[in-house]
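Structure at a glance
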Amino acid sequence: MIDQLHMSKAYSLFFFLLIGLTTSKYVVANDTKPKTSFYYRQIDSKNGLSNSSINTIFQDQDQLLWVGTWDGLNRYDGAHFSVYNHNIDQVENSIGGNVILSIKGDQNQNIWISTIGGISRYNKPSGKFSRYFYKKTAPQKIRENEYDLIVNDKGEVFCFAVNGVLSKFDFDHDQFVSFQKFGTKETIVKMNFVGDKLCYLNKKGILTVTKVSQNKLQTVKSISDPSGISNFFSVDNQIIYTTNTEHQFIVDGNLAVKPLDLPLRKIKAIAAYKAHYLIAWENQGMSVFDKAFKKTDFLRNEVTALENLKITGFNVGNDQVLWIGTDGNGLIQIYPKENFFGLLTKINGTKINKPIRAFAEDSGNLWVGTKGNGVFIFNNFWSEGNKKPQKIDVSSGLENNSVFAIRKGADQLIYIGTDGRGLSVHDLKLKRTINWKDIKNTEKLPEFKSVYSIIQDKNGSVWMGTSGYGLIHANIVRNADQSLAVINFKQFASSAENNGPINDIIYALAEGKDNRLWIACRYGGLSVLNKKTGQFKTYKAFGYEGSLSHSDVLSLFYDSKNRLWIGTSYGLNYLSNEESLKEKPKFIKITTDKGLPNNTIHAIQEDGLGNIWVSTNKGLAKINPANNSIANYQESDGLQSNEFSDGATFMAANNNLFFGGIYGFNYFYPKDIIENTKQPNLLISDLQLGGKAFQNNQYLIVKAKQQTIQSYELERKSNFFQFSFNALNYFNASKNEFAYKLKGLDQAWRYTGSDGKIAYYNIPPGKYELLVRWSNGEGVWTKDIVALKLDVKQYFWLTYPAYAFYLLLLIAGGYAFHLYRKNKLEMKFKLEREYLFRQKDEEVHRQRINFFTNIAHEIQTPLTLILGSVEHFMQKKSLLDKSVDKNYFLSVVHQHTARLTYLVQQLLEFRKAEAGYLKRSDDYFDISKLLNSLTQLFIPAAEKK
């Protein structure tokens, strides 16, 4: 029975609401079996659509949606519309006309658009438009359906004009060439491919099925009706046609015609969706039929919403999204809800306005604690039918209506932590609620209140975390008279001596398997009590590398792998048992950078598969510890809201998980939460390189498997670029997450959450690769994909050729300097040599002067002696009488005359020396004789004086 209930819960979509609570003892919570339903969304000009009157819808191979309106072509990526309009001055960058009649795609990355007056082709890789036929028709002759564009499964493009010419596009020559000419008597009103066959309807009401050969159409079968065929449609490779009497017929694959039992109305469009046929009627509204064309309740609510709208067309996307175009009401999007969460947010049809804060279970009965409305007990919660919860509040004996913790204890006691004094206990045996003051031995105990967390030891003692009163440890026992009493009470207040927690505000408790109690202290950190020693230890953020992500600890959970999970106001942490024994353990951090929807972790729970579920301010997240993949779930998936409550989580005996929030609670069986493994494509748009935007809304599609990579160049002066990206997810785009890294610049991955805007500035010169990876919103990430390559050019004067030129210039300059230096040294050497020569010449000249001076002195000396001797001889009166003096003076004259002759010869010898004819001749003489002879010469003069 329980397994059947699991299945019924898993495939439910309408969830039970618990919101406004009454004060009666029993109230009713509506609980109906959920049905498969669909999301319904209307998109119009308020969302960016260029015009709310839609003519055609087409989804291409890249998952992009193209919408043709009466005012432009629209490209939709699930988040934004890009509009292509006609511009008479920009032929290559604008569409040929603003009235879009049909849109088709081929296998060459082209989007074909039929407009009033001609055909336009948009080439997606280049972003350029090409126009055909616009100049071949005079403006006054243009009609609304001048051209009919058709494309077969092979990617061959045909165009039929009202002049009766069927043309085929020649990709090699970029032009339409005539394929077949129809006669003037056979006016074609509609043409379309049905599978590999080309069908056309003429004005006479005859439908012709043909096969396309090499050069012409070969008729396979002609189908007619006495009243004439007015229109035909292609669906599931079958033909459905209507007659002028508004009867409908179907032509199967064997071209057998069968009548259909449908209302006698004109059909506007037909589509096949999830094993059903959707038919839009000409005037307004639509109907849904099964495969046998029998009426069905499938999409009943959606059909009701569309009954007054005029539908112009359908498109069924490859992701099971149904797109419906309307005339004046924009685009309708319908898609199934894929993830199913049980939801309870109403009682008696009134919404709850008090947050759900606690859960407990007793023999299939679910206890739910609220912040302000007491406790609700859902008896036999897992049974089907209306829920009739019993209410426990202050009117029935509860201490306070703000309930923060509920714990099923031993001896049929349920402990209830409220904002009131002490601890309240509900006795299942006596079926009554007992407040703290009514328990024996409490009158002498220290006062405390606001119990936020409760756990029970194996010995039956209770640990309580309070808001403002620290950690409480007490034993509550049942006496023989069935009364309750407190024994072994102890209060641990915050202390700096390691005999208490770091803070008195305690939001969560978790007990490990090694007799240690972990304590979540708000604004203080993570404390741990060794029960054996009674010693406390605290871990804070920023104490060391690998420390806790934040000291504001909100939630704790000890999993089956002996890991402690710590939820803070800035991310989730986990600590292995081995690390927890270290003096400085390393905490592993998980934040929004790693894929969490939000960094505030309210509650943590483990499912039967070992996955960790956390509640945040932006929904639920499922973490697979094996690979750290993260799946996010939001209000659009069936959650009570995106905001959940602190500590409000619980695992039931049947492995269902509960999470409480501000508008009720969710419950689900984790195995039945079906994850979407399909990976959407990534759209890169708004690309600006160096401040220059792409022309004509050009974009890039990045697929989950590596494709051809686009390369771009940036000049050094424009070394920045920016763009935005988003996954082509049309129903849960906000759940997709992105990471990117510019290889060659970034050292680590950057995570953007669901906001895919990127900007890089002042990028150094070099070659880079932009790596991206993204999730599908269900925890499945792509591999690292190269989105584009970027080459940031260096300034020319800083490039290698410039460096080579600089090197040559440096060598030339060095050589020139060498030559200059060499010439300078040679000149210096010459100058020094000339200087030496000049000095030598001066020395020679000085020697000459000295020589002549000496010679002059030498000549002067004998002349003086001769003159003195002659004067002396003339002054002697008795000269003749003294023959001795006469001989002496004559000898002196003779001697000095000889001396003068010698000096003159010396002058002549000096001249020979200058001319180079003098040879050196060394001789020895007696210098003492020379000096004596010289001395003798001056004796007379000396005697005279």
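Residues numbered from 1 in each chain as written. Predicted model: local features only at pLDDT ≥ 70, side-chain atom pairs only at ≥ 80, totals over all residues. Heavy atoms only, no water.

**Considering the overall build of the protein chain**
We apply this condition: Elements are defined by DSSP. Helices are runs of H or I of four residues or more, strands are runs of E of two residues or more, and each kind is numbered from the N terminus. Between buried and exposed lies partly exposed: a residue is buried under 20% and exposed over 50% of the maximum accessible area for its type, with that area taken using a 1.4 Å probe on protein chains only. We call two residues contacting when some pair of their heavy atoms lies within 4.5 Å. Throughout, the Shrake-Rupley method with a 1.4 Å probe supplies accessible areas, and for residues the shown protein chains are the sole cover considered.
Summing up its helical and strand segments, the protein chain has 7 helices and 67 strands in all. Within the protein chain, the fraction of its 945 residues that count as buried is 50%. Long-range pairs, those at least 24 residues apart, make up 52% of the contacts in the protein chain between residues at least 6 apart in sequence. Carbon together with sulfur atoms contributes 50% to the accessible area of the protein chain, which is approximately 47,100 Å² in total.

**Describing the packing of aromatic side chains**
Condition: Note on aromatic pairs: the rings of Phe, Tyr and Trp (six-membered ring only in Trp) are paired at centre separations within 6.5 Å, and the planes decide the class, stacked below 30 degrees, edge-to-face beyond 60, tilted for the rest. Our definition puts a charge over a ring when NZ of Lys or CZ of Arg is within 6 Å of the ring centre and also within 35 degrees of the ring normal.
The full count for this structure, using the stated rule, is 71 aromatic pairs. Taking the centre distance of 5.3 Å and the plane angle of 20° together, the rings of Tyr 241 and Phe 249 count as stacked. Assigned by exposure class, Tyr 241 and Phe 249 land together as buried. Relative to Phe 665, the ring of Phe 359 has its centre 5.4 Å away and its plane inclined at 75°; by these criteria the two rings are edge-to-face. Placement of Phe 359 in strand β31 (residues 356-362) and of Phe 665 in strand β57 (residues 664-668) is noted, with a sequence separation of 306 residues between them. In this pair, the class of Phe 359 matches that of Phe 665, namely buried. The ring of Phe 233 carries Lys 190 above its face, with NZ or CZ at 4.5 Å from the centroid.

**Examining the environment of Glu 713**
Tracing the backbone shows Glu 713 in strand β61 (residues 710-714). With near-sequence residues (within four places) excluded, Glu 713 lies in contact with Asp 791 and Lys 793.

**Some thoughts on the side chain of Asp 427**
Condition: Whenever a nitrogen or oxygen atom comes within 3.5 Å of another N or O atom, the pair is scored as a polar contact, on the condition that within protein one atom can donate a hydrogen and the other can accept it, and that pairs from neighbouring residues in sequence are kept only if both atoms are in side chains.
With respect to the helices, strands and loops of the structure, Asp 427 is situated in strand β37 (residues 424-427). In this structure Asp 427 comes out as buried when scored by relative accessible area, which is 0%. There is a polar contact of 2.9 Å between the side chain of Asp 427 and the backbone nitrogen of Lys 429. In contact with Asp 427, not counting residues within four places along its chain, are Gln 412, Leu 413, Arg 432, Ile 434, Arg 478 and Gln 482.

**Comments concerning the layout of surface pockets**
Where empty space is left can be seen by rolling a probe of water-molecule size over the atoms. Test applied: A cavity here means a set of 1 Å grid points, computed over protein atoms only, where a 1.4 Å probe fits but cannot escape. A pocket is an open set with protein on both sides within 12 Å along at least 5 of 7 lines, and lining residues have an atom within 4 Å of a point. Grid points are joined across faces, edges and corners, and a volume is the space filled by probe spheres set on the points. Asp, Glu, Lys and Arg are counted as charged, while Ala, Val, Leu, Ile, Met, Phe, Trp, Tyr, Cys and Pro are counted as nonpolar; the rest, among them Gly, fall into the polar class.
The computed volume of the second largest pocket comes to approximately 1,100 Å³. Lining the second largest pocket are 42 residues, with Arg 407, Ile 454, Ile 455, Leu 509 and Phe 557 sitting closest to its centre. Contributions of two or more residues to the lining of the second largest pocket are made by β31, β35 (403-408), β39 (451-456), β43 (506-511), β47 (553-558), β51 (603-606) and β55 (644-651). Here the residues of the lining of the second largest pocket sort into 21 nonpolar, 10 polar and 11 charged.

**Some points on the sheet that holds strand β10 (residues 147-151)**
Rule in force here: Two strands are said to pair when DSSP picks up at least two bridges between them. Lines fitted to the C-alpha atoms define the axes, with helices restricted to the stretch that makes contact. Angles between their N-to-C directions range from 0 to 180 degrees.
Reading across from one edge, β10-β11-β12-β13 is the order of the 4 strands in this open sheet, with antiparallel pairing throughout. Each edge of the sheet is formed by a strand with only one pairing partner; in this case those strands are β10 and β13 (175-181). Direction aside, the axes of adjacent strands within the sheet are offset by 30° on average. Inspection of the sheet shows strand β11 (residues 157-161) paired to strand β12 (residues 165-170) by 3 bridges, in the antiparallel sense. Along β12, the bridge assignment pairs Cys 159 with Ser 167.

**Notes on the pattern of salt bridges**
The cut-off we apply is this: Within this document, salt bridges are pairs made up of a side-chain nitrogen of Lys or Arg and a carboxyl oxygen of Asp or Glu, the two lying within 4 Å of each other.
According to the stated counting rule, one finds 27 salt bridges in the structure shown. Asp 362 serves as the salt-bridge partner of Lys 408, at 3.2 Å between the closest nitrogen and oxygen. Placement of Lys 408 in strand β35 and of Asp 362 in strand β31 is noted, with a sequence separation of 46 residues between them. Relative accessible area serves as the criterion here: at 13%, Asp 362 is assigned to the buried category. Where Lys 582 meets Glu 579, a salt bridge forms, and the shortest distance between an N and an O atom there is 2.8 Å.

**Here we look at the sheet that holds strand β4 (residues 72-76)**
Reading across the sheet, the 4 strands line up as β2-β3-β4-β5 and stay open at both edges, with antiparallel pairing between neighbours. Both edges of this open sheet fall to β2 (54-59) and β5 (81-84), since each of them pairs with a single strand only. Pairwise comparison of adjacent strand axes, ignoring direction, gives a mean angle of 20° for this sheet. With 5 bridges connecting them, strand β3 (residues 65-69) and β4 associate as antiparallel partners. Considered in β4, the bridge of Leu 65 is made with Tyr 76.

**Quick look at the pairing of β13**
Of the pairings in the sheet, the one linking β12 to β13 comprises 6 bridges and is antiparallel in character. Each bridged residue has a counterpart across the sheet, and for Phe 169 the counterpart in β13 is Phe 176. Two successive antiparallel strands, β12 and β13, enclose a turn made up of 4 residues, where Asp 174 displays a positive phi of approximately 55°.

**Overview of the nonpolar core**
Most often, soluble globular proteins have nonpolar side chains that are buried together. Under the convention used in this document: Take the buried residues of types Ala, Val, Leu, Ile, Met, Phe, Trp, Tyr and Cys, join any two whose side-chain atoms come within 4.5 Å, and each joined set is a nonpolar core.
Counting 30 residues, the largest nonpolar core has Leu 65, Trp 66, Leu 73, Ile 113, Tyr 122, Trp 323 and Leu 331 as the members making the most contacts within it. Those elements giving two or more residues to this core turn out to be β1 (38-43), β2, β3, β4, β5, β6 (100-105), β7 (110-115) and β27 (331-336). Within the second largest apolar cluster, 28 residues are counted, among which are Val 702, Leu 714, Trp 774 and Val 792.

**Digging into the environment of Val 257**
Tracing the sequence through the fold places Val 257 in strand β21 (residues 257-260). Taking the relative accessible area as the measure of exposure, Val 257 reaches 36% and is therefore partly exposed. Separated by 16 residues in the primary sequence, Val 257 and Tyr 241 have C-alpha atoms spaced 9.8 Å apart. Apart from the residues lying within four places of it in its own chain, the contact partners of Val 257 are Ile 223, Tyr 241, Phe 249, Ile 250 and Val 251.

**Quick look at the pairing of strand β15 (residues 197-202)**
In terms of residue burial, β15 counts as a mostly covered element, since 5 of its 6 residues are buried. Judged from the 6 bridges that link them, strand β14 (residues 188-194) and β15 form a sheet pairing that is antiparallel. Bridging across to β15, Ile 188 finds its partner in Asn 202. Where β15 and strand β16 (residues 207-212) come together, 5 bridges link them in antiparallel fashion. In the strand pairing of β16, Leu 201 is matched with Leu 207.

**Remarks on unusual backbone geometry**
Of note, the phi angle at Leu 299 is positive, near 60°, even though the residue is not glycine. Among the secondary structure elements, Leu 299 is positioned in the loop between β24 (286-289) and α2 (300-306). A residue is classified by how much of its surface remains accessible, and Leu 299, at 3% relative accessible area, is buried. Positive phi, close to 50°, is recorded for Asn 762, a residue that is not glycine. Within the secondary structure layout, Asn 762 lies in the loop between β65 (757-760) and β66 (766-774).

**Section: a nonpolar patch on the surface**
Heads up, the condition is: Two joining distances apply to patches: 9 Å for like charges and 5 Å for nonpolar side chains (Val, Leu, Ile, Met, Phe, Trp, Tyr), and every residue must have over 30% relative accessible area and no salt bridge.
Together, Phe 796, Trp 797, Leu 798, Tyr 800, Tyr 803, Phe 805, Tyr 806 and Leu 809 make up a nonpolar patch on the protein surface, roughly 960 Å² of accessible area in all. Turning to its location among the elements, Leu 809 is positioned in helix α4 (residues 800-875).

**Considering the confidence of the model for the protein chain**
What counts, and what does not: Confidence scores labelled pLDDT are given residue by residue by the predictor and lie between 0 and 100.
Here the protein chain shows a mean pLDDT of 85. Residues at 70 or above account for 89%. Contacts for the low-pLDDT stretch residues 1-34, under 50 throughout, to residues beyond four places or in other chains number 120 contacts.

**Comments concerning the side chain of Glu 579**
As for its position among the elements, Glu 579 is in helix α3 (residues 577-580). Within the structure, the side chain of Glu 579 is placed 2.8 Å from the backbone nitrogen of Lys 586, a separation counted as a polar contact. Those residues in contact with Glu 579 that sit more than four places away from it in its chain are Pro 585 and Lys 586.

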